[in-house]
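# Examining the three-dimensional arrangement
Here's the letter readout for the chains.
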Amino acid sequence: MSELDTQLRRRLTFAIISHPDSGKTTITEKLLLFGGAIHIAGAVKSGKTMKASVSDFMAMEKERGISISTSVMGFEYGGRKINILDTPGHADFSEDTYRGLSAVDSALLVIDSVKGVEDRTRKLCEVCRMRHTPIATFMNKLDREGKDPMELLDETERELAIGVRPVTWPIGQGKSFKGVYDLVQKRLLLFFPGEVQRPSDVVTIDDLSNPLLDQKVGSSLATKLRDDVALLSGVYPAFDADEYLSGKATPVFFGSAINNFGIRELLDAMTALAPAPTAKHSEERVVQPSEDKFSGFVFKIHANMNPRHRDRVAFLRVCSGTFERNKTYYHVRSGKPFRTANPTAFMAQDSEIVNEAWPGDIVGIHDTGTFKIGDTVTEGEEINFKGIPSFAPQIFRYIVNADPLKEKQYHKGLDQLAEEGVVQIFSKPHQPNVRVLGVVGQLQLEVLQYRMEHEYGAKCAYRPIDLNIAHWITSDEPKALKEFIDEHSRRILVDIRGTHIFMSESEWQFERIKANNLAIRFYSTSEMVADRAAP
Ligand code: G4P
């Protein structure tokens, strides 16, 4: 087997997705502890420190400028090189999360068993579904009185439109939580609150009628477990690796992250099951990770918050071949050669210069303005990776320059921050100077103003716009599309790729116009438009 094959089979690159407060930070920390990547709990910074104040956010970003390694955490475990992508917890930055999902091969979904399926979980799973990303699920906080586990499975299956396949099953809940039964390996994992799990807490029980079960968890919970398992086997098919790998079904684990219970089993299962780097789609062709020639794409750009250093870090996901330091590559969008002397690998607490990286790895590249989110880098082939969608923003504003003497700085700042993905910028079809800003959260508007002023010395102001629901539009009939655009010109915007967007004032209005224009297709992400447009 070639070095490339060996390396890529070892790689496991995944993102943890959840609604804030479900326990993502706690789980990440425990995973890193198992991986030996950190030695003390509390070392992982919580994304939720981003409370609604801009100054807090800026302070945190500044900190991150020095230790951006918290965005990607790599460690060795069970013979695999694991890369975990951290995704911002704050809903105002959810676009960053969606983009991060394009750079991973699978996802770990964390659900708070007290709250069940929540808002952001739905949206994130929709993105995973769109790409058939395999999802493993961890039901967290079983040490609290939460929803009935059967109800949780049912809710997950129904609301996330994915088959659920319980792999472990809880015994009791809250105060009476005794542990889980591993349905696949037929063993009991006993839980003792506040204590570290010991090897003796794992008891093999091949047959649930074994009285040892009653001894270990008490007769009443033993009886309930027997009944539950009988019921489960009638309702849910056994776990099937192919169903998981195609994103049709998710294995479900139960535990308590804060008590470090059930996490090792989860990590072991992911190490055994989760996919190695998968093929990635470019507009031109499907790229296999085992191809000799290097290719990759930029999914995130992180500004260096020190205003005296204009450089940024571009996060590049290696898709095929071997990435080598100091080798000259090809930046497809500009058609120019590109070479880097200091590519960075992200390990849990540190970033370090790497000499080579393999498919599945994320490399940090110091960038002085060459890269945009979505850019492809190759050894010369003209391909463009897909899958960096723009999502319909939820807040729109006209943006104007508030300091006429700083016109140049204003345009430069706006362009660069849009490239970084801080905001999306649209224009009116025949009025390129009228610019409309789209963001997913109010906080982004404030961050933009702050950064324009502190990094570019420019001032911007916002004006209200009465249109707030956006859909990318396309049609198989160019004439129908043109007529639609002409007829609704007041409601049309153009994105940076030149795709038209139809804006409406209300869902009701949108549904009415959609029903009257059957030749037009409406999409809530730009990726769908690109997919449909591809032959
Ligand atoms: P997030 O990154 O998804 O936002 O969640 P995070 O890990 O920060 O966890 C959110 C809260 O839930 C934290 O409490 C955390 O301690 C708690 N938590 C995580 N896992 C479990 C669990 O298994 N059981 C219980 N009972 N709680 C859990 P907090 O009070 O908000 O913060 P902290 O002061 O404990 O850090």
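A brief structural summary. (Residues numbered from 1 in each chain as written. Predicted model: local features only at pLDDT ≥ 70, side-chain atom pairs only at ≥ 80, totals over all residues. Heavy atoms only, no water.)

### What to know about the site of the ligand
For clarity, the cut-off: If even one non-hydrogen atom of a residue comes within 4 Å of a molecule or strand, that residue is called near it. Think of a polar contact as two N or O atoms within 3.5 Å of one another; within protein, one of them needs to be a possible hydrogen donor and the other a possible acceptor, and neighboring residues in sequence only count if both atoms come from side chains. The secondary structure listing takes helices from DSSP runs of H or I that are at least 4 residues long and strands from runs of E that are at least 2 residues long, numbered from the N terminus. Amino acids outside the nonpolar list (Ala, Val, Leu, Ile, Met, Phe, Trp, Tyr, Cys, Pro) and the charged list (Asp, Glu, Lys, Arg) are all regarded as polar, and Gly is one of them.
Near the ligand there are 16 residues, and of these Asp21, Thr25, Thr26, Asp143 and Ser256 occur at the shortest range. The separation between a nitrogen atom of the ligand and a polar side-chain atom of aspartate 143 is 2.8 Å. It is helix 2 (residues 24–34) that provides the largest number of residues to the shell around the ligand, a total of three residues. A per-class count over the shell around the ligand returns three nonpolar, seven polar and six charged.

### Digging into the pairing of strand 4 (residues 106–112)
Basically, it comes down to this: A 1.4 Å probe rolled over the protein chains alone gives each residue an accessible area, and that area as a share of the maximum for its type sets the label: buried under 20%, exposed over 50%, partly exposed in between. Strand pairing is defined by DSSP finding a minimum of two bridges between the two strands. Convention used here: a crossover is right-handed provided that the path from the first strand, over the helix, to the second strand proceeds clockwise when the strands point away from the viewer.
Within strand 4, seven of the seven residues are buried, leaving the element largely enclosed by the surrounding structure. Residue alternation in strand 4 divides its side chains into two sets, Ser106, Leu108, Val110 and Asp112 and Ala107, Leu109 and Ile111, and both sets are buried. In the sheet, strand 1 (residues 11–18) pairs with strand 4 via five bridges, with the strands oriented parallel. If you follow phenylalanine 14 over to strand 4, its bridge partner there is serine 106. Examined bridge by bridge, strand 4 and strand 5 (residues 135–140) share six bridges and lie parallel to one another. When the bridges of strand 5 are listed, valine 110 appears paired with phenylalanine 138. One crossover worth recording links strand 4 to the parallel strand 5 by way of helix 5 (residues 119–131), and it is right-handed.

### Some points on the packing of aromatic side chains
Note the following rule: Any two rings among Phe, Tyr and Trp, with Trp reduced to its six-membered ring, count as a pair given centres within 6.5 Å; such a pair is stacked if its planes are under 30 degrees apart, edge-to-face if over 60, and tilted if neither. Whether a charge lies above a ring is judged from NZ of Lys or CZ of Arg, which has to be within 6 Å of the ring centre and within 35 degrees of the ring normal.
This model, assessed by the stated rule, comprises 16 aromatic pairs. Aromatic pair phenylalanine 299 and phenylalanine 315: ring centres 6.1 Å apart, planes at 65°, arrangement edge-to-face. Taken as a pair, phenylalanine 299 in strand 14 (residues 295–303) and phenylalanine 315 in strand 15 (residues 312–320) lie far apart in primary sequence, 16 residues in all. Here phenylalanine 502 and phenylalanine 522 contribute two aromatic rings whose centre-to-centre distance is 6.0 Å and whose plane-to-plane angle is 70°, an arrangement assigned as edge-to-face. Of this pair, phenylalanine 502 sits in strand 30 (residues 500–504) while phenylalanine 522 is found in strand 31 (residues 520–523), placing the two residues 20 residues apart along the sequence. When its relative accessible area of 13% is taken as the criterion, phenylalanine 522 is described as buried. Members of the aromatic cluster, joined through ring pairs, are Phe484, Phe502, Phe510 and Phe522. The residue whose ring lies beneath lysine 300 is phenylalanine 315, and the NZ or CZ to ring-centre distance is 5.7 Å.

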